[in-house]
Each structure stands twice: as structure tokens, then as C-alpha cells.
Amino acid sequence: MISIKRAPVHHGPAAWADILPTIPVGQSLNDDITADVLVVGAGFAGLSAARRLIEIDANLSVVVLEAGRIAEGGTGRNSGFMIDIPHDLASENYGGGTEDQALITLNRAAQSFAAQMVDEYDVPSDFFDRCGKINGAASTTADVHNTTFMRHLSTLGEPSERLDAQEMQRVTGSRYYRSGLYTPGTILLQPAGYIRGIANGLRRQGVKIFEQSPVINLSKGWSARTNTGSVSAKNVILSVNGHLESFGFYEQRLMHIFLFGAMTAPLQPGTIQGQTRWGITPSDPMGTTVRRIDGPQGGDRIVVRSCAALRPGMRATEGDLRRAKSVMARKLKVRFPSLDVPLEHVWAGHLCLSRNGVSVMNELEKGLFSACVQNGLGTTRGTLTGIGAAEKVMGVTSDITRYFDAQDLPTKLPPPSIQTIAGNAVLRWKEHQARSE
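From a predicted model like this one, the values you see are computed outputs, not experimental measurements.

A. Layout of the pattern of salt bridges. Under the criterion given, the structure shown has 22 salt bridges. Glu55 is paired through a salt bridge with Arg51; the nearest N and O atoms lie 3.8 Å apart. Remark: Arg51 and Glu55 occur in helix H2 (residues 44–56); sequence separation between them is four residues, near one turn of the helix. Looking at Glu55, the relative accessible area reads 33%, which means it is partly exposed.

In C-alpha cells:
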């Protein structure tokens, strides 16, 4: 029997869900049931796995267990960028290497898979906006990063457009940015709205989704027990990202990093100029992500994401939150000096990375599969690992399964105490270097 060592702990609200209309609490598991396949976790990976399973075999009985409420875990605490082009967070400018062309193809396959669900399940288009994104540059160094990345994209045959300071002001209403690099392929999600819509569509197709039903132990056979029931299934998919370690796998091989987000209260009409929807990722990956959303997505608001903390115990601290709130308020002010609106929501988002940049999409034990370790790319990589795990369960071979099968295992990390001291020192230094961004 595998006893689950820790349940997810979330810091701050799931803001993307909070700004949408309230919905009734979903059904919890209150019985002992059976299924062909059990999926643990109802985020991007878990719901994509459930969809792919019934796509392959419509008669399959699929059960999904979610520890919290739908869209109120990691999916309610991210930035909502579903990116198609290379986005290596460990690089200086996101460019990777020889795998980039293959990754673009796979990322677009994930986007197409998501788009098919959006169309079939009648998810509002406002929650799945194919508007592209901008790499924003505020300093000379960041502008060079954009130029280098633009050249890299050109060698891959990928379109991009350089925006000067005036064009950046026209888009954002801010004079802060020196330049930008627009790429058209990114989809900007209202992540909670998207996940809610996918979950509702899957329910209509017969997938049983139980909320507020955390797994407390998993016994071989397989049977997953919650506090109020159990699910027995021949095959289980763990789509729990970093909490794969809580299930006893890859301990001391997964890096648990928290990125912090904030969302303003609704803006008054005419408060800032520019377009009403846009998304900026920093040219330096350690910089600040900024989005503007509008009414159908939850109100006219600015979303900021910045600061990182490495916490091997999978818990951010109150000190982390206080520091991040102060930094993000300052980042917002320098971009919009005349803006006088409070940060209504502040939260910590849990990322799981491996030191060598690999995911864990494989068969852990006979009948137990993983769709985990998204390396900070939860929307796209989560979708891909979910698809891949479902295909592994069903014995289907594809470009997705071949890609993940070829990856190495996550490399071992130093002891947690060393990770905490050395890792956070490195993060702070990189943040300092990217402070303008």
C-alpha cells in the first residue's frame, strides 16, 4: 500500500475561479466503486487524459478524483498562457536546442486537442483566446534577448514581429517597455473557465468526476481510498504534477518552485488606455509576466506574476507571500504610475521542475501511470502528458508517447536543506539581474 505523504496545500485564493460566477459544489466520492481507469487529479493533465481515454474507447468507464474543487488548485493559480513556441525557463531567452522544432509540433498538437474539446463542449471563446503573446523588453539586455530569440524562431521558420516602444504603448497603455516580440500562436486562457467547461463536457460524456475527494492511500490491485469511499481500477493515471513525490515516486528528484501571482480589483472605465486583452511574458524568464483581461473573463483587471521560491516541502511561507505582494505591487506601479487600484487577489502557484528538464510520463508500476512534472508549462505540457499517459494505458503509440519515452529520468537533487539555501540564492540573484523586466 502507498500512503500519501501530504495533501496539496494552496496559499492565497484561486483567483481565476473567484472572479467567475459561483457554481455549486461538485459531488464527492461517498461509495466504493469500480472503473476501467482511475485518473487522480482534475487539472490540465488529468482532464486531457480522461478525454483521450474515452476518445480511444467510448465505452470505457473513467473516474476522476480531485482533491479540491475543480479549477481551484493549480489551474486557478497560473497565468493561463498555452504556448506553442519554445519556452525553456532555464534559458536566457526561452530558446532551447535541437528539440525545438519537435516541441513546437507537439505543443500545437496539444493546442489542437484543447481546441477540439473547447468546440465540442461549448466552452466560451473568451476562455480560449487565440490572440498570441508578446515578449516584453524594458532594458537593453532584454531587447537583445528578443533579437536573439527572433533569429532563433526565424531559423525554425516561425513568424514573429518586433514591436517598438510606441507600438507597445498602443497595445498595453504603458510607456514602460522598450520593445516587444509578438508571436501569434499562443492561446490565452481563462484557466478556471476552461477547466470548468472541459469538466462539464466530460461529465456529459459519462466520465465520473468527484471533487473534494483526496486520495489517502493507493493499494496495488489498484484501489484508491479517500476518507469516504474508494475506487478500484485495473489502471490508474497519476496527474498530480509535483505531488508525484507525495505518492512515493522520484523523491529528491523533483524541484518544487512557487511562482506568485496577483490580480487587481476591477479597473474603472478609462483608467488605462491600450487594448483590453493582451499577455506579456518577460524577455528574461526570471522577469515579470503581465496580462490584461476584460469583462467576459472576469472583469477588466491586470494580472501580474513574479518572484520565485524553492520549497522542497511543497509549502510556500507567509513571508514568501508578503515579499511577493510587495514586489508585484511595485512592478505594477512602474508600468502604470497613475494606476491607483489595489491588488485584490495574491496567491502562490506550485510548479514542479526537474533539473534536466524532463517530464515524467511513463508506467511507474504495472497498471500505474504518471502524467507529471510539467516544468512550469502546465497548460501545454500538462495536456501533452495527459494525452500520452492515456495512450500508454490503451496501448497506443504516437509521436507524443515516443517523445516522452525517449526522455531520461529526472536527475537527483542535493539534500533539501542545500536546495533551499543554494537554490533560493540563485533565484534571488537571477531575479536581481532581471529586475527591470
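B. Layout of the nonpolar core. Counting residues in hydrophobic clusters, the biggest one holds 60 residues, and the most contacted among them are Leu53, Phe128, Tyr194, Leu202 and Ile237. Once residues lying within four places of it in the same chain are set aside, the contact partners of Leu202 are Leu47, Ala50, Arg51, Ile54, Tyr121, Val207 and Ile209.

C. How the structure looks around the sheet that holds strand E17 (residues 301–310). The strand order E7-E8-E6-E15-E16-E17-E14-E18 describes an open sheet built from eight strands, whose pairing is mixed. In the strand order of this sheet, the two ends are held by strand E7 (161–163) and strand E18 (343–354), each with one partner. Strand-to-strand twist across the sheet, computed as the mean angle between neighbouring axes with direction ignored, equals 25°. Direction of pairing for strand E16 (residues 289–293) relative to E17: antiparallel, over a ladder of five bridges. Counted as the bridge partner of Arg292 is Ile302 from E17. Docked against the sheet, helix H4 (residues 140–155) engages strand E6 (133–137), E7 and strand E8 (179–183), running at close to 25° with respect to E8. Packing of helix H7 (residues 318–335) onto the sheet brings it into contact with strand E14 (254–264), E16, E17 and E18, and relative to E17 it is tilted by some 135°.

D. Region of interest: the sheet that holds strand E9 (residues 187–189). Read from one edge to the other, the open sheet built from three strands follows the order E4-E9-E5, with strand pairing classed as antiparallel. Each edge of the open sheet is held by one strand with a lone partner, namely strand E4 (81–82) and strand E5 (128–129). In terms of strand pairing, E5 meets E9 through two bridges, oriented antiparallel. Across the sheet, Asp129 pairs through a bridge with Leu188, a residue of E9.

E. Unusual backbone geometry, seen in detail. In this structure, the amide linkage connecting Gly221 to the following residue, Trp222, adopts the cis form with an omega of 5°. By secondary structure assignment, the location of Trp222 is in the loop between strand E11 (217–219) and strand E12 (223–225). A positive phi angle is found at Cys307, which is not glycine, with a value near 70°. Residue position: Cys307 is located in strand E17.

F. Here's a closer look at the pairing of E14. With respect to burial, E14 is a largely interior element, 10 of its 11 residues being buried. Across 11 bridges, E14 lies against E18 in antiparallel orientation. Bridged to Met263 within E18 is His345. Where E14 and E17 come together, seven bridges link them in antiparallel fashion. Its bridge partner lying in E17, Ile257 is registered against Leu310.

G. Seen up close, the environment of Arg178. Position of Arg178 relative to the elements: it lies in the loop between helix H5 (165–172) and E8. Arg178 gets classed as partly exposed once you look at its relative accessible area, which sits at 42%. Each C-alpha atom of the pair Arg178 and Ser139 lies 6.6 Å from the other, and the pair is 39 residues apart in sequence. Those residues in contact with Arg178 that sit more than four places away from it in its chain are Ala137, Ala138, Ser139, Thr140, Asp143, Asp164 and Ala165.

H. Representation of the state of the cysteines. Inspection of every chain in the model, using the stated rule, returns zero disulfides. Residue Cys372 stays outside any disulfide, its sulfur separated by 7.7 Å from that of Cys352, the closest cysteine.

I. Fine view of the side chain of Asn217. For Asn217, the position within the fold is in strand E11. Exposure remark for Asn217: the relative accessible area of 15% places this residue in the buried category. Those residues in contact with Asn217, other than ones at most four positions away along the chain, are Met1, Ile2, Ser3, Ile4, Ser223, Ala224 and Arg225.

Each value, and the rule that gives it
Residues numbered from 1 in each chain as written. Predicted model: local features only at pLDDT ≥ 70, side-chain atom pairs only at ≥ 80, totals over all residues. Heavy atoms only, no water. Salt bridge = Lys/Arg side-chain N within 4 Å of Asp/Glu carboxyl O. Helix = DSSP H or I, 4+ residues; strand = E, 2+ residues; numbered from the N terminus. Buried < 20%, exposed > 50% of the residue type's maximum accessible area, 1.4 Å probe, protein only. Core = buried A, V, L, I, M, F, W, Y, C linked by side-chain atoms within 4.5 Å. Contact = heavy atoms within 4.5 Å. Pairing = 2+ DSSP bridges. Axes fitted to C-alpha atoms, helices over the stretch in contact; angles between N-to-C directions. Disulfide = S-S within 2.5 Å.

Without other data, these values stay purely geometric and don't point to any function.
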